[in-house]
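Descriptive analysis of the structure
This is what each chain is made of:
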Amino acid sequence: QKEVEQNSGPLSVPEGAIASLNCTYSDRVSQSFFWYRQYSGKSPELIMSIYSNGDKEDGRFTAQLNKASQYVSLLIRDSQPSDSATYLCAVNRDGNNRLAFGKGNQVVVIP
Amino acid sequence: GAVVSQHPSWVICKSGTSVKIECRSLDFQATTMFWYRQFPKQSLMLMATSNEGSKATYEQGVEKDKFLINHASLTLSTLTVTSAHPEDSSFYICSASSGTSAREQFFGPGTRLTVL
């Protein structure tokens with residue numbers, strides 16, 4: 001089993017709709033979870049971090065964490081064409097803050 | 001805040017030459033810097049973790065003699081790809097974390113290396 005799995009294929013959503021992305025991880029001792037956005041040809045940009053079970057909202061983004069199920073998700077409300085990018089889920093691997101990344105989910109927002 | 005720069009943004013070199021990439025934290029002191037490599041359509045793969053003043057810790061399968069990392073100050077880390085070959089062509093990205101928000105990593109813009 002991979003450390004961090006993002007299994008969904010490209011996600012197409014109409015402008016204004018909600019985009020939902022899922023991520024599972026294998027290491028139960030992981031404590032820190034992140035969502036990064038990466039535009040084509042660019043480096044990742046941190047958009048959300050979450051450390052406790054439950055929901056965390058920041059603007060149009062909501063991260064949800066369930067440590068018992070080893071599951072973290074990201075919701076993008078009122079999707080905009082500028083949200084079209086690849087979203088990477090990252091999980092810390094140990095106390096040194098090393099991160100393991102999922103392969104990413106491409107989101108395409110259709111105007 | 002939390003700005004990380006990389007230089008150069010792209011480089012083309014001949015096979016067998018060495019290339020140095022610089023990573024700088026511009027507005028914070030980076031206690032730890034990380035180097036990643038990303039091949040097209042793939043995710044980021046951590047190559048090594050670098051703490052200021054100490055030797056880098058390399059991930060399994062990464063040749064430390066080929067990818068030399070120096071972290072001489074709290075704002076600068078360098079990655080040198082020695083004797084580069086075409087298979088080393090990739091997008092190299094550094095990130096940095098600070099003592100005040102150590103769990104979050106902030107990424108530089110990346111360096112695209114092409115080895116002919």
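Structural data are supplied above this passage.
Just so it is clear, the model here is predicted, and its values are computed rather than measured.

Analysis parameters
- Residues numbered from 1 in each chain as written.
- Chains lettered and ligands numbered in written order.
- Predicted model: local features only at pLDDT ≥ 70, side-chain atom pairs only at ≥ 80, totals over all residues.
- Heavy atoms only, no water.
- Helix = DSSP H or I, 4+ residues; strand = E, 2+ residues; numbered from the N terminus.
- Rg over C-alpha atoms; globule rule 2.2 N^0.38 Å.
- Pairing = 2+ DSSP bridges.
- Axes fitted to C-alpha atoms, helices over the stretch in contact; angles between N-to-C directions.
- Contact = heavy atoms within 4.5 Å.
- Buried area = accessible area lost by both parts, 1.4 Å probe.
- Salt bridge = Lys/Arg side-chain N within 4 Å of Asp/Glu carboxyl O.
- Polar contact = N/O pair within 3.5 Å; in protein donor to acceptor, adjacent residues only side chain to side chain.
- Buried < 20%, exposed > 50% of the residue type's maximum accessible area, 1.4 Å probe, protein only.

1. A few points about the overall build of chain B
- For chain B, the helix and strand inventory stands at zero helices and eleven strands.
- Ordered by position in the sequence, the α and β elements of chain B form the string β-β-β-β-β-β-β-β-β-β-β.
- By the compact-globule yardstick of 13 Å for 116 residues, chain B fits well, its C-alpha radius of gyration being 13 Å.
- Seen through its principal axes, chain B has C-alpha atoms that stretch 40 × 25 × 20 Å.

2. Digging into the sheet that holds strand 1 (residues 4–7) of chain B
All names here are of chain B.
- Taken in spatial order, the four strands of this open sheet run 1-3-8-7, and their pairing is antiparallel. The open sheet has two edge strands, strand 1 and strand 7 (67–73), and neither has a second partner. Within this sheet the neighbouring strands show an average axis-to-axis angle of 15°, counted without direction.
- Bridge analysis of strand 1 against strand 3 (residues 19–25) gives four bridges, and the strand direction is antiparallel. Bridging across to strand 3, histidine 7 finds its partner in glutamate 22.

3. Concerning the interface of chain B and chain A
- The interface of chain B with chain A comprises 20 residues on the first partner and 21 residues on the second.
- Carbon and sulfur atoms supply 51% of the area that chain B and chain A bury against each other, a total of about 1,600 Å² over both sides.
- Put simply, chain B and chain A have one salt bridge between them.
- A salt bridge links glutamate 59 of chain B to arginine 98 of chain A; its shortest N-O distance comes to 2.8 Å.
- Our count for the chain B to chain A interface comes out at six residue pairs in polar contact (both at pLDDT 80 or more).
- Looking at the side of chain B that touches chain A, the elements that each hand over two or more residues are strand 4 (30–38), strand 5 (45–51), strand 9 (90–98) and strand 10 (106–107) of chain B.

4. What to know about the pattern of salt bridges
Residues and elements named next belong to chain B.
- In the structure shown here, the tally under the stated rule is six salt bridges over all chains.
- Between lysine 66 and aspartate 88 there is a salt bridge; the shortest N-O distance is 2.9 Å. In this pair, lysine 66 sits in the loop between strand 6 (57–58) and strand 7 while aspartate 88 sits in the loop between strand 8 (76–81) and strand 9, placing the two residues 22 residues apart along the sequence. The pair formed by lysine 66 and aspartate 88 is uniform in burial state, with each residue classed as buried.

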